[in-house]
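Architecture at a glance
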2 protein chains.
Amino acid sequence: MPNGFETERILDERESAILNSIVYEYIETGKAVGSRSFVQKYSFSLSPATMRNIMYDLERLGYLMQPHTSAGRIPTDKGYRYYVNSLLENYDSSFHDMEIDEKIFQKELQLDKIFESVTRMLSMVSRYAGVMLSPKPDFTVLKLVEIIQLESSEVLVIAVTRTGMILTRKVIVSVRVTQDELSEYSKYLTSELCGYSLQEIKDNIFGELRGDRKSSTNRELAIDIAQLALAETGESSINIDGIENLLRIPEMVEESRLNSLLNIIEEKNIIKSILEKHVESEGIKILIGEEIDNEKVTGCSLVTSPYKIGNKPVGAIGVIGPTRMDYEKVVPLVDYTGKAVSGLLTRMSK
Amino acid sequence: MPNGFETERILDERESAILNSIVYEYIETGKAVGSRSFVQKYSFSLSPATMRNIMYDLERLGYLMQPHTSAGRIPTDKGYRYYVNSLLENYDSSFHDMEIDEKIFQKELQLDKIFESVTRMLSMVSRYAGVMLSPKPDFTVLKLVEIIQLESSEVLVIAVTRTGMILTRKVIVSVRVTQDELSEYSKYLTSELCGYSLQEIKDNIFGELRGDRKSSTNRELAIDIAQLALAETGESSINIDGIENLLRIPEMVEESRLNSLLNIIEEKNIIKSILEKHVESEGIKILIGEEIDNEKVTGCSLVTSPYKIGNKPVGAIGVIGPTRMDYEKVVPLVDYTGKAVSGLLTRMSK
DNA sequence: TATTAGCACTCGTTATTTATGAGTGCTAAT
DNA sequence: ATTAGCACTCATAAATAACGAGTGCTAATA
């Protein structure tokens, strides 16, 4: 029998149901859940006293805590975690497959516009903040290189990737070149670089090409230009939208939490590096409170899903909100959106 | 003699000095300025009673107000306005000319990166929010058009403007075309469109070209493609950075003001349309409180300066902060930055 | 053995009361 | 025109009291 001194054990059926209901109730109301009103509201055939005993046990086990001695209980991170796990167990992701409707993004052919509309959509539907990590250009495969002349000593290099990403960069060239020569270079570069990822190109291909016996000054110049143009690509970008939603949540504006928010706005890199860790993982991932392993962010949760091009995971999307987040609503949203984005990008890069 | 019942008159020397000092003091401390401590701090050879009389006059004249009966005075919008006008009278903008140092932006050749670094710089130096309105693409002059093939039925149109803005847009074409044909089109379009603003091109040139007797199906197709590609350009974009700075200002987070902030974040268009009004004006403009004629934004001020390419005003930059803003610091910053941006863009579009 | 009723106690919340003090307006003297 | 003097105001802060939802514990109950 539970004697109140254990700190780890499996919850029985009833405890489990009650814990989940408490978390649910707290997510809804935002108020500490007390035994009397809770028993009443959820029509448990239990007396408040019994409920108190159970709550006491759940507290000892680390799922609940009291903000102060004589208040009701609120979930700890562990409590949320338990609730979320239960959610995920019963969550049938395939159910949503059929609903996937990409019309919202469909009209956009420009990749960066897609990023914007995905984050906007995530934030608007969830009423929290939406976030998207773009595919890392380094990992995307080059399809085409074109160089066009702007000035006698300035050219514009355009690189198009299979995903439809368009990189443009101006490069200053030291010698005079003609547009005809540049067209020549473009063909040469496209034929040599096409099919390789930017990463490979920067790490190996350029080197190989330079080592090539058939090389000429012209080709050297072409490679110089390409190398300069592609040098600073590589990092994926992060897009956040809907911070204002978080500012509308009273508990987030409260002194202590506000700083977390400001940190998120200021240092998008915090979120970026977290998302980067989850690109490779499969399916929905949820980070609750302290599970976001960053001392600058507290009281927040992140629901995230990777997205793929073909079978290759390339980026991630997510929703950021308070730990007291409506996971039940957000999880399917993120899941669904991740799949929609995967589908869209895959089709775009055929 | 001032009898306290007038509502409009010129301030005498002493009143003017005192009003400016009161505004200055309030900007510094954020606390209502009371007669006793103020006289002391600023070593006026006046008794508090006299100061009270003067304050009373200034209040009657609409420059000051009392948050409540027995509190000190705080400036009204009109008070800030008076202070700012005094500032601007003594402000020697040429003084800063020599300091202009564009190194900060220098390394960036990409126009959109420049926008980002300008807004970031403005917000970091001012500790408020920095904002920049990009040149309206419609008003920029086309320099070059290039079409390259992506798929058999998909082409990428690249338009470069004199300012160095690069517009790219994918276009689906219904008939098969070869890269050679596209190169042909590119030359044709560049020769016909170069030197005209996007606005002119969309409004007139396309029409004229279509009317041209020498027209051919090929040329029609080229025009179709260009028209599609340029169709959705035109609007200038707005860039805001440093909202978090505003959130760190206690008076802005206070319930009533917070909403102004959220509105600014949410509807960047508010700020955009305000800046657009000031593109054509000469030099620094300052909007204080209600002077920002938008019911959704209260308690904010905007310091803005247009910037030019050559002699043509094309955009504007600015700083947004609380009405209690450190104008003395922000005005030169915005002025200076406006000039730096003008210089840089002018040089870039030679 | 698990549940429950009963009860004293805790403590955040809200309302009320009571200083405190910086500030005001007014009047009369300088 | 300036100032000293004084009664008055009122936001702010601290102290006090009442409230009530909630707790832990004990002893009775099924």
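Moving on, we come to the pairing of strand β4 (residues 142-151) of chain A. All names here are of chain A. Here β4 pairs with strand β5 (residues 154-161) via 8 bridges, running antiparallel. For Ile148, the partnering residue across the bridge sits in β5 and is Leu156. Counted along the chain from β4 to the antiparallel partner β5, the turn is 2 residues long.

The next subject is the sheet that holds β5 of chain A. Residues and elements named next belong to chain A. Strands sit in the order β4-β5-β6 across an open sheet of 3 strands; the sheet is antiparallel. Every other strand in the sheet has two partners, leaving β4 and β6 (166-172) as the edge strands with one partner each. Between one strand axis and the next, the sheet turns by 20° as a mean value, whatever way the strands run. With 7 bridges connecting them, β5 and β6 associate as antiparallel partners. In the strand pairing of β6, Val160 is matched with Ile166.

Residue and element names in this part refer to chain A. Taken as a whole, chain A is organised into domain 1 (13-88), domain 2 (94-135 + 236-348) and domain 3 (138-231). Inter-centroid distance (C-alpha atoms) of domain 1 to domain 2 is 28 Å. Contributing elements (two or more residues each) for the side of domain 1 that touches domain 2: α1 (13-29) and α4 (77-89). Looking at which element gives the most residues to the side of domain 1 that touches domain 2, the answer is α4, with 5 residues. Its residues placed into classes, the side of domain 1 that touches domain 2 shows 5 nonpolar, 1 polar and 2 charged.

Residue and element names in this part refer to chain A. Within strand β3 (residues 129-133), 5 of the 5 residues are buried, leaving the element largely enclosed by the surrounding structure. On β3, burial covers both faces: Ala129, Val131 and Leu133 on one face and Gly130 and Met132 on the other are all buried. The pairing of β3 with strand β10 (residues 312-322) spans 5 bridges and is classified as antiparallel. Bridge pairing in β10 links Gly130 to Val319. Where β3 meets strand β7 (residues 238-241), 4 bridges bridge the pair, whose relative direction is antiparallel. Of the residues in β7, the one forming a bridge with Val131 is Ile240.

Our focus in this paragraph is the sheet that holds strand β6 (residues 166-172) of chain B. All names here are of chain B. Spatial strand order, β4-β5-β6: 3 strands in an open sheet with antiparallel pairing. Edge positions in the sheet fall to β4 (142-151) and β6, since each of these pairs with one other strand and no more. Adjacent strand axes in the sheet meet at a mean angle of 20°, parallel and antiparallel pairs treated alike. Together, β4 and β5 (154-161) form the strand contacts of helix α8 (residues 179-193), whose direction differs from that of β4 by roughly 165°.

With that settled, the discussion passes to the relation of the copies chain A and chain B. Mapping chain A onto chain B calls for a rotation angle of 180° and an axial translation of 0.0 Å; the resulting RMSD is 0.1 Å. Such a combination of turn and shift is consistent with a two-fold rotation axis. Both copies share a contact surface, since 100% of the interface residues of chain A are interface residues in chain B too.

The rules behind each value
- Residues numbered from 1 in each chain as written.
- Chains lettered and ligands numbered in written order.
- Predicted model: local features only at pLDDT ≥ 70, side-chain atom pairs only at ≥ 80, totals over all residues.
- Pairing = 2+ DSSP bridges.
- Helix = DSSP H or I, 4+ residues; strand = E, 2+ residues; numbered from the N terminus.
- Axes fitted to C-alpha atoms, helices over the stretch in contact; angles between N-to-C directions.
- Domains from an automatic or database assignment.
- Nonpolar A, V, L, I, M, F, W, Y, C, P; charged D, E, K, R; others polar.
- Buried ≥ 20, exposed ≤ 12 C-beta atoms within 10 Å, placed from the backbone.
- Contact = placed C-beta atoms within 7 Å.
- Least-squares fit on C-alpha atoms with pLDDT ≥ 70 in both.

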